[in-house]
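# Breakdown of the fold
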Amino acid sequence: MRLFGVRINSLLTPQTKYLTTTRQLVPEYGEERPKIVALDWDGRTLRELILLRESVLPGKRIQPGYKIEVSSSSDGRLGSLSDMNTLTIVPRVLKSDKWMRGELVILGRKVNPERILILHDIPALGKSSKEVMIQLQKFLDDWGIHAKKLPAIVKNVKVSEKVKAKIIDIDFLMVSSLP
C-alpha cells in the first residue's frame, strides 16, 4: 500500500487503526524530515517511518497534519524497506519500574541512508536486558533476519508481503491532536 507515493506496508498491522503524518527534527541532518506514525485505537504509537530522502516530485511529498483511518488484516513486516540494499538493526531496551521492554530501530539504505523504521510493538519483555535482547533476536528470526548479535548490519531480504488494507477515512488534524 502506498501513501503519498511511499510504501507504508511496514506500518500496517492488525492493531493499527490510524496513520498520522508529521515532521520530526533529525539532529544528524539538522532539519525536519517527514514521518508517518501508526497508532492503535487508544492513540499509542506502534510504529514510525521517518523518510530521510524526500521525493522531488510535488505530488509525492508527504503533507504533515493528516490522520488516515486504516484497516489491515496482516502484518507488513519490512515491506517499506524492501527496496533497500542493507539494513542496520539497532535494539533499544527501555526500563520501567520492574520490567524492561525492547524496541528496534531499523535504518534502510541503498547507498546513503533513506528510511528509518522504528518498531515499538515488539513483544519483548524481561527482567534484564539480556533476556530482552534474546527475545528481540527471536523476533527477527521469525521475520527471516538471522543476526547473531545486535546491533547488526545485514543484507536486505527483498521479500515484499502482500498486505490487505484499506483506507477508511482521511482527516486533517489540528496541532493539539498530534501524537
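Please refer to the structure placed before this passage.
To start, this report covers the structure provided alongside it. Along every chain, residues carry numbers that run from 1 in the direction the sequence is written. This being a predicted model, a pLDDT of at least 70 is required before a residue's local features are given, and a value of 80 or more before pairs of side-chain atoms are given or counted; all residues contribute to the totals for chains, interfaces and linings. Water and hydrogen atoms were dropped before computing side-chain values, which therefore reflect all heavy atoms in the structure.

### Observations concerning the pairing of strand E7 (residues 86-95)
Two strands form a pair only when DSSP identifies at least two bridges running between them. By the criteria applied, helices consist of DSSP H or I runs no shorter than four residues and strands consist of E runs no shorter than two, each listed in order from the N terminus. In this sheet, strand E8 (residues 100-109) lies alongside E7 in antiparallel orientation, the contact comprising 10 bridges. Across the sheet, residue Leu-87 finds its bridge partner in E8, namely Gly-108. A loop of 4 residues connects E7 with E8, the two strands running antiparallel in sequence. Examined bridge by bridge, E7 and strand E11 (residues 152-155) share 4 bridges and lie antiparallel to one another. Paired with Leu-87 across the bridge in E11 is Val-154.

### A closer look at the nonpolar core
Here, the term nonpolar core denotes a set of buried Ala, Val, Leu, Ile, Met, Phe, Trp, Tyr and Cys residues that are joined through side-chain atoms within 4.5 Å. We call a residue buried when its accessible area falls under 20% of the maximum for its residue type, exposed when it is over 50%, and partly exposed in between, using a 1.4 Å probe and counting protein chains only. By size, the foremost hydrophobic cluster in this structure holds 35 residues, and its most contacted members are Leu-19 and Leu-104. Looking at this core, the elements that each hand over two or more residues are strand E4 (31-39), strand E5 (45-51), strand E6 (66-72), E7, E8, strand E9 (113-119), helix H1 (129-142) and E11. When residues of this core are assigned to their parent elements, the largest contribution, 4 residues, is made by H1. Apart from residues no more than four positions distant in its own chain, Leu-104 is found in contact with Ile-89, Val-90, Pro-91, Leu-117, Ile-118, Leu-119, Ile-122, Leu-136, Phe-139, Leu-140 and Leu-150. When checking whether two residues touch, look at their non-hydrogen atoms; a contact exists if any pair is within 4.5 Å.

### Side note on the pattern of salt bridges
Throughout this description, the term salt bridge denotes a Lys or Arg side-chain nitrogen within 4 Å of a carboxyl oxygen of Asp or Glu. If you walk through the whole model with that rule in mind, you get 12 salt bridges. For Lys-17, the salt bridge is made with Glu-69, and the minimal N-O distance between the two is 2.7 Å. Of this pair, Lys-17 sits in the loop between strand E2 (6-7) and strand E3 (18-26) while Glu-69 sits in strand E6, and the two are 52 residues apart along the sequence. The residue Glu-103 makes a salt bridge to Arg-101 at a minimum N-O spacing of 3.1 Å. In this structure Glu-103 comes out as buried when scored by relative accessible area, which is 3%. Using a relative accessible area of 35% as the deciding quantity, one classes Arg-101 as partly exposed. Three or more residues are tied together by salt bridges with common partners; here these are Asp-40, Asp-42 and Arg-44.

### Re unusual backbone geometry
Cis peptide bonds are those with omega within 30 degrees of zero, and the linkage from Leu-150 to Pro-151 qualifies with 0°. Relative to the elements of secondary structure, Pro-151 occurs in the loop between H1 and E11. The backbone of Phe-4 sits at a positive phi, close to 55°, despite the residue not being glycine. By the secondary structure assignment, Phe-4 is in the loop between strand E1 (2-3) and E2.

### Observations regarding the packing of aromatic side chains
Note on aromatic pairs: each is described by the distance of the centres and the angle between the planes. Here the aromatic set is Phe, Tyr and Trp, taking the six-membered ring for Trp, and pairing holds for ring centres within 6.5 Å; pairs whose planes are under 30 degrees apart are stacked, those over 60 apart are edge-to-face, and all others are tilted. Under the counting rule described, the total for this entry stands at 2 aromatic pairs. With a centroid separation of 5.9 Å and 55° between ring planes, the pair formed by Phe-4 and Tyr-66 is classed as tilted. Of this pair, Phe-4 sits in the loop between E1 and E2 while Tyr-66 sits in strand E6, and the two are 62 residues apart along the sequence. The partly exposed category is assigned to Phe-4, whose relative accessible area is 22%. Look at Tyr-66 and you get partly exposed, because its relative accessible area is 28%. Ring geometry for Phe-139 and Trp-143: centres 4.8 Å apart, planes at 45°, overall tilted. Per residue, the accessibility class of Phe-139 equals that of Trp-143, and both read buried. If you follow Lys-127 out to its NZ or CZ, it ends over the ring of Trp-99, 5.0 Å from the centre. Definition used: whenever NZ (Lys) or CZ (Arg) falls within 6 Å of the ring centre and also within 35 degrees of the ring normal, the charge is taken to sit over that ring.

### Considerations on the side chain of Ser-82
Positionally, Ser-82 belongs in the loop between E6 and E7. Note on Ser-82: relative accessible area 9%, which makes it buried. Polar side-chain contacts of Ser-82 include one of 2.6 Å to the side chain of Arg-7. In protein, a polar contact requires one atom able to donate a hydrogen and another able to accept it; more generally it is a pair of N or O atoms within 3.5 Å, and residues adjacent in sequence count only if both atoms are side-chain atoms.

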